[in-house]
Amino acid sequence: MDSGLKETRLENPRENAFPLSSVTFWYTIPTFLRGLKGDLNESDLPETLSEHKSANLGNLMERYWQEEELRAAGKKAPPSLLRVLIRAFGLEFMFYGVVLFISESIRINQPILLGKLISYFKVDANHFNITKLNSSVERPEA
């Protein structure tokens, strides 16, 4: 695709990062420290991840498009770009969608559950909540 000369850059620190470092973005600390010492230049920035290179993504999309053309020719229908995009990125987006759904469900239900927790321990002047612990204690008669 690009036949021009490429400038060599630093290796991307995420390529060989420990999984915990990847999750917490700890691998970005050296870049931030370099930026703290002075302005960042283009040579200070690392190379992109290998899975994000346009050549890899372009080859993947081309392969899926050729398969889609063959499928469409067999059915005598026009090829579908949407089907190609779903095949290429569908599982990844579905995974992120499930994670986002779980995260948002927790965020939505957090105030409701916190309210139920507070109401459980709330002392009402007209109504006493007798728990197992309180029911086993004998009360003196007045």
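To be clear, the structure that these remarks concern was listed above.
In short, a report on the structure. What you are looking at is a predicted structure, and each value in this text was computed from that prediction instead of being measured.

Here we take up the overall build of the protein. For the protein, the helix and strand inventory stands at 5 helices and 0 strands. Shown N-terminal to C-terminal, the secondary structure of the protein runs as helices and strands in the order α-α-α-α-α. Classification of the 142 residues of the protein by burial places 10% in the buried group. A sequence separation of at least 24 residues applies to 49% of the contacts in the protein between residues at least 6 apart. Of the accessible surface of the protein, which amounts to about 12900 Å², a share of 63% is contributed by carbon and sulfur atoms.

For the rest of this paragraph, the subject is a nonpolar patch on the surface. Together, Leu 91, Met 94, Val 98, Phe 101, Ile 102 and Ile 106 line one region of the surface with nonpolar side chains, adding up to about 680 Å² of accessible area. Taking the relative accessible area as the measure of exposure, Ile 106 reaches 55% and is therefore exposed.

Within this structure, the stated rule accounts for 6 salt bridges. Here Glu 47 makes a salt bridge to Lys 53, at a shortest N to O gap of 2.8 Å. Linking Glu 68 and Arg 71 is a salt bridge whose minimum nitrogen-to-oxygen distance equals 2.7 Å. Taken together, the residues span about one helical turn, with Glu 68 and Arg 71 both in helix 3 (residues 54–75) at a distance of 3 residues. Assessed through its relative accessible area of 26%, Arg 71 is described here as partly exposed. The network of salt bridges with common partners includes Glu 68, Arg 71 and Arg 83.

Calculation rules
- Residues numbered from 1 in each chain as written.
- Predicted model: local features only at pLDDT ≥ 70, side-chain atom pairs only at ≥ 80, totals over all residues.
- Heavy atoms only, no water.
- Helix = DSSP H or I, 4+ residues; strand = E, 2+ residues; numbered from the N terminus.
- Buried < 20%, exposed > 50% of the residue type's maximum accessible area, 1.4 Å probe, protein only.
- Contact = heavy atoms within 4.5 Å.
- Areas by Shrake-Rupley, 256 points an atom, 1.4 Å probe, with all protein chains shown as cover.
- Patch = residues over 30% accessible without salt bridge, like charges linked within 9 Å, V, L, I, M, F, W, Y side chains within 5 Å.
- Salt bridge = Lys/Arg side-chain N within 4 Å of Asp/Glu carboxyl O.

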